[in-house]
Amino acid sequence: TTDEAWDVTGCASGAVPPFGSLFVLPSEPGNGGNDVRTVHTFVDRSLQRQGDVINFNCGLRTRSIQMDVSDYLDIEKPELCDFIIDESTS
């Protein structure tokens, strides 16, 4: 939800950058707060076919960053998934 995104990231909906590794999740009850968990980042494989650069918000809706896709993938190491079905190749 919008409230959950704010609670975890401190960013408004639509401004959250695609770097889940930057955001620490609340500790699980009963473990003494000793586990540090970050937000797991998932990226559709099609990102690699959409061009050499990506643009994304950097915590503000009024500012964006442009980055090479390869640099983003190297830095964040997201889990690559197939969320989008490209019907033009079917």
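I will try to describe carefully the structure that is included in this document. Source: prediction; values computed, not measured.

Observations concerning the overall build of the protein
Link 1 in the chain: Looking only at helices and strands, the protein has two helices and four strands in total.
Link 2 in the chain: Ordered by position from N to C terminus, the α and β elements of the protein give α-β-β-β-α-β.
Link 3 in the chain: Relative to the compact-globule value of 12 Å for 90 residues, the protein shows a C-alpha radius of gyration of 15 Å, a clear excess of over 25%.
Link 4 in the chain: Each of the three principal axes of the protein carries a C-alpha extent, and together these read 50 × 30 × 25 Å.
Link 5 in the chain: Taking all 90 residues of the protein together, the buried fraction comes to 24%.
Link 6 in the chain: A separation of at least 24 residues holds for 46% of the contacts in the protein among residues at least 6 apart in sequence.
Link 7 in the chain: Working note: accessible area of the protein is about 6500 Å², and carbon and sulfur atoms make up 52% of it.
Link 8 in the chain: One finds the centroid of the 6 positive side-chain charges in the protein at a distance of 4 Å from the centroid of its 15 negative side-chain charges.

Thoughts on a negative patch on the surface
Link 1 in the chain: Residues D52, D68, D71 and D74 make up a contiguous surface patch of negative charge.
Link 2 in the chain: One can find D68 in strand 3 (residues 64-68).

Points about the packing of aromatic side chains
Link 1 in the chain: In the structure shown here, the tally under the stated rule is two aromatic pairs.
Link 2 in the chain: Centre to centre, the rings of F19 and F56 are 5.6 Å apart; their planes meet at 65°, and the pair counts as edge-to-face. Of this pair, F19 sits in the loop between helix 1 (2-9) and strand 1 (42-44) while F56 sits in strand 2 (residues 53-57), placing them 37 residues apart in sequence.
Link 3 in the chain: What makes F19 buried here is its relative accessible area of 11%.
Link 4 in the chain: Each ring, one from F19 and one from Y72, has its centre 5.2 Å from the other, and the planes form 75°; the classification is edge-to-face. Separated by 53 residues along the polypeptide, F19 in the loop between helix 1 and strand 1 and Y72 in helix 2 (residues 69-76) bring together distant segments of the chain.
Link 5 in the chain: Residue Y72 is classed as buried on the basis of its relative accessible area, which comes to 1%.

Description of the side chain of T41
Link 1 in the chain: Along the chain, T41 turns up in the loop between helix 1 and strand 1.
Link 2 in the chain: Its relative accessible area of 11% is what places T41 among the buried residues.
Link 3 in the chain: At a separation of 2.7 Å, a polar atom in the side chain of T41 contacts the side chain of E76.
Link 4 in the chain: Among all residues touching T41, those that are not within four sequence positions of it are P18, F19, G20, S21, Y72, E76, P78 and E79.

Overview of the nonpolar core
Link 1 in the chain: In this structure, F19, V43, L47, I54, F56, M67, V69, Y72 and L73 together form the largest nonpolar core, which totals nine residues.
Link 2 in the chain: Put simply, the parts of the chain that give this core at least two residues each are strand 2 and helix 2.
Link 3 in the chain: With three residues, the single largest contributor to this core is helix 2.
Link 4 in the chain: Setting aside residues up to four positions removed in sequence, M67 forms contacts with F19, D52, V53, I54, F56, Y72 and I75.

With respect to the pairing of strand 3
Link 1 in the chain: Strand direction decides the pairing type here: strand 2 and strand 3, joined by five bridges, are antiparallel. Residue pairing in the sheet places I54 in a bridge with M67 of strand 3.
Link 2 in the chain: Between strand 2 and the antiparallel strand that follows it, strand 3, lie six residues; G59 among them carries a positive phi value of about 105°.

Rules used throughout
Residues numbered from 1 in each chain as written. Predicted model: local features only at pLDDT ≥ 70, side-chain atom pairs only at ≥ 80, totals over all residues. Heavy atoms only, no water. Helix = DSSP H or I, 4+ residues; strand = E, 2+ residues; numbered from the N terminus. Rg over C-alpha atoms; globule rule 2.2 N^0.38 Å. Buried < 20%, exposed > 50% of the residue type's maximum accessible area, 1.4 Å probe, protein only. Contact = heavy atoms within 4.5 Å. Areas by Shrake-Rupley, 256 points an atom, 1.4 Å probe, with all protein chains shown as cover. Lys, Arg positive; Asp, Glu negative; His and termini not counted. Charge placed at Lys NZ, Arg CZ, Asp CG, Glu CD. Patch = residues over 30% accessible without salt bridge, like charges linked within 9 Å, V, L, I, M, F, W, Y side chains within 5 Å. Salt bridge = Lys/Arg side-chain N within 4 Å of Asp/Glu carboxyl O. Phe/Tyr/Trp six-rings, centres within 6.5 Å; stacked < 30°, edge-to-face > 60°. Polar contact = N/O pair within 3.5 Å; in protein donor to acceptor, adjacent residues only side chain to side chain. Core = buried A, V, L, I, M, F, W, Y, C linked by side-chain atoms within 4.5 Å. Pairing = 2+ DSSP bridges.

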